[in-house]
2 protein chains.
Amino acid sequence: MVVEIICVGTEILMGNIVNTNAAYLAAKCAGLGLSCYYQSVVGDNEGRLYEAVKIAYDRSDVVILSGGLGPTQDDLTKETAAKVLNKELYMHEPSKEAIIRILSRRGLTITENNWKQAMVPEGCIVVENPNGTAPGIIMEENNTHIILLPGPPGELIPMFEDSIVPYLKKLTPDVLYSDMVKLCGVGESMAEDRIKDLIDAQSNPTIATYAKTGEVHMRVTAKAKSEEEAKQIVKPVVDELFNRFGDAIFTTKEEVTLEESIVNLMKEKNLTLGVAESCSGGMLSARLISVSGVSDVYKAGLVTYSNEAKQELIHVSGDTLNRFGAVSEETAREMADGTLKTIGCDYAVAITGIAGPDGGTKEKPVGLVYIACGCKDNIIVKKCQFSGNREKVRQSATATALTMLRGQLLKNIG
Amino acid sequence: MVVEIICVGTEILMGNIVNTNAAYLAAKCAGLGLSCYYQSVVGDNEGRLYEAVKIAYDRSDVVILSGGLGPTQDDLTKETAAKVLNKELYMHEPSKEAIIRILSRRGLTITENNWKQAMVPEGCIVVENPNGTAPGIIMEENNTHIILLPGPPGELIPMFEDSIVPYLKKLTPDVLYSDMVKLCGVGESMAEDRIKDLIDAQSNPTIATYAKTGEVHMRVTAKAKSEEEAKQIVKPVVDELFNRFGDAIFTTKEEVTLEESIVNLMKEKNLTLGVAESCSGGMLSARLISVSGVSDVYKAGLVTYSNEAKQELIHVSGDTLNRFGAVSEETAREMADGTLKTIGCDYAVAITGIAGPDGGTKEKPVGLVYIACGCKDNIIVKKCQFSGNREKVRQSATATALTMLRGQLLKNIG
């Protein structure tokens, strides 16, 4: 089954945003066993959009469009796709009510153009959008499936996961099953090197690797007549990955994040956590708190960006700051220690570094970060040198801190 | 002049990598005054690649291809583009010498397939690649320009900057200039509604709007013979946007973020800031600290996710928590007040809410967030009801907090 992805938006054509939707949709479709031969991007122009949808409709089994479902006159995707299939639009009352509900809840005034989002092509399947005012649309004609999704990733991704994946699964006779083996603390090329023989020998299951800041994900996918059978094909390969990478694997589940695996580990053992952040400035706390139910584990966090805050809130000594500087092993250790004492938690993580672009010196260049992590009388500190811009350094520091915390937990509590 | 971008590579089609080359090339071309109507991605398949290049050659003035110039049999871009123009390939001696030079410098053995990279279409312009073994290629035929670039960004970007930009500049007489007018605190459809007449009347400059969580961005772009002239065309429209949206506009510069505009505002007035976060869990601090040089303004942040932390770190009274709950106007106000006192800052922002998916009740549903913001004796609290998943609620709360803080600053300090 051939799928084609069309992303609609002048902001992509102008290079204002990177087309992450296409990568997301492509990876998802590949995981579902759909073959993607074409991706394209067109602007909010009716003629060119019509042409693109028409070509895709003629050559592919599934056409996924993202973007252009907004309330403005620029937004033409739905109208144009309907035109390709010769369908009229009508007012879909449940969508209208949903728009009223969402906009009033947000305290926004409803304007005339909002109703445009509740107009849908006749005969289509309307897909609810709990995260926005544009419903998704599925049109079926001549065994071709045209799927329209809202452009913002915060709306597109949940809609795809919740509604489109089950729909696409029904279209494909074979069942695909994947385990997502996620590693932390191992570099991508080293990971690939260690499984080169498995990759060279792959046919069913296949192994695909993806790199993420501080993590490597390996998707092991099998195709079979039943999910049970597919799982049986996946299992020995996943077992082999555990043989090779052991504790570096933190989950085999797509939806589980590194922070979630840590929160679960700590929850099991009734352990609590406190965080002190300088250059990462809240990113580590924000990742941990993205886990629903983290309140059993996460006690508090302190963003001690200034030296003053380091001294006042977590009692880093002025002497240490003067002698070794805010970015030093000693300061990181005192930050973690002070966090344990101030917050009264079992484990603490502290990050201090130079995120740049300014503030670097020859001795302490941009990207230098110290991360301290541990429990009472057992704090380790790691010196890291990250590359990339300010955001990238902060993200790398956050990812490394999580990996360290997990390592400490595994060492101490087995 | 119309440009079209074709990225070649199965790894993009499979979603293994995000297509950053397309975004880079698109932004660069837009800046050069080229209109990009199409971007597409095709795999390493001769038939489909031929089709894509043929279509692009027929409808665009400039076709830029990236990827597929490697030494393996999979790499078909050059051969296929040459076929579309009916050109033979020949061995380009300077490229052959460059390959020998580069590979011996890297200590690599030269294999037979390396020579494939030195084969170029007859009559083309060969573009040197100081960062790799694949030279760039420019073919000109019937006033259409086909440009082939290597796929790795570390080779593509320097080649584009050094050789392709000067080439394209000669082709385009016009210059483009944009201002990016960014608003906060105004919904997308309301914003569009208020400039409907301007959008309807647009030709030069054009106005394009983009929504981001809590913000609306309006790009005003003019085309002219010189940058000075283009700026003159943009100015009256931007002035008119200021007439209509006033203080809701926080910048006219592409690269300036809301958090940066706030940090600059506070820096100017020597004001300091402290933050207390519950459900947003560090996101607000992380956004503020993304601004380089924030240390003059940002004093400290507290992630008081638990009630205990709210009481111990920022002295929210147990009585308030018991009577009104952690998610209440009273708690938000005491969090901000306690932050002012504990941190000793001029302004404080506090966020407390129910991000979900659990924890909601009929009285206090998921998405309910209270945001408190202000300075001593002047704290305002806003009750918000956000929709979407946990991440979306937290992002919306963070964006709204920034908008509130900016509003308070403008009111108090002008």
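Since we're looking at a predicted model, the values are computed, not measured.

Before going further, it helps to examine empty space enclosed by the protein. Per the stated rule, a full pass over the model turns up 4 cavities of 30 Å³ or more. In this structure, the largest cavity encloses a volume near 240 Å³. A:Ser40, A:Arg59, B:Ser40, B:Ile55 and B:Arg59 are, among the 19 residues lining the largest cavity, the residues nearest its centre. Among the elements that line the lining of the largest cavity, the one with the most residues is strand β2 (residues 35-42) of chain B, at 5 residues. Each residue belonging to the lining of the largest cavity can be placed in one class, and the counts come to 10 nonpolar, 4 polar and 5 charged. By volume, the second largest cavity amounts to about 90 Å³. Lining the second largest cavity are 14 residues; nearest its centre among them are A:Asn19, A:Gln39, A:Val41, B:Asn19 and B:Val41. Of all elements in the fold, only β1 (2-8) and β2 (35-42) of chain A together with β1 (2-8) and β2 of chain B reach the threshold of two or more residues within the lining of the second largest cavity.

Before going further, it helps to spend a moment on the pattern of salt bridges. Here the structure, examined in full by the defined rule, presents 42 salt bridges over all chains. For A:Arg244, the salt bridge identified is with A:Asp197, shortest N-O distance 2.8 Å. Taken together, the residues A:Arg244 in helix α9 (residues 227-245) and A:Asp197 in helix α8 (residues 196-201) connect sequence positions 47 residues apart. A:Glu308 is the salt-bridge partner of B:Lys299, the closest N and O atoms lying 2.9 Å from each other. Of this pair, B:Lys299 sits in strand β14 (residues 298-303) while A:Glu308 sits in helix α12 (residues 307-314), each in a different chain. One network of salt bridges, in which partners are shared, links A:Asp197, A:Glu240 and A:Arg244.

Now for the state of the cysteines. Tallying each qualifying case throughout the model produces 0 disulfides over all chains. Here A:Cys29 is not cross-linked by a disulfide; its sulfur's nearest cysteine counterpart is in A:Cys36, at 6.7 Å. Under the relative-accessibility criterion, A:Cys29 is labelled buried at 0%. You can see B:Cys373 has no disulfide; the closest cysteine sulfur is in B:Cys375, sitting 8.6 Å from it. For B:Cys373, a relative accessible area of 0% corresponds to the buried category.

Rules used throughout
Residues numbered from 1 in each chain as written. Chains lettered and ligands numbered in written order. Predicted model: local features only at pLDDT ≥ 70, side-chain atom pairs only at ≥ 80, totals over all residues. Heavy atoms only, no water. 1 Å grid on protein atoms, 1.4 Å probe; cavity = no way out; pocket = protein on both sides within 12 Å on 5 of 7 lines; lining within 4 Å. Points joined across faces, edges and corners; volume = space filled by probe spheres on them. Helix = DSSP H or I, 4+ residues; strand = E, 2+ residues; numbered from the N terminus. Nonpolar A, V, L, I, M, F, W, Y, C, P; charged D, E, K, R; others polar. Salt bridge = Lys/Arg side-chain N within 4 Å of Asp/Glu carboxyl O. Disulfide = S-S within 2.5 Å. Buried < 20%, exposed > 50% of the residue type's maximum accessible area, 1.4 Å probe, protein only.

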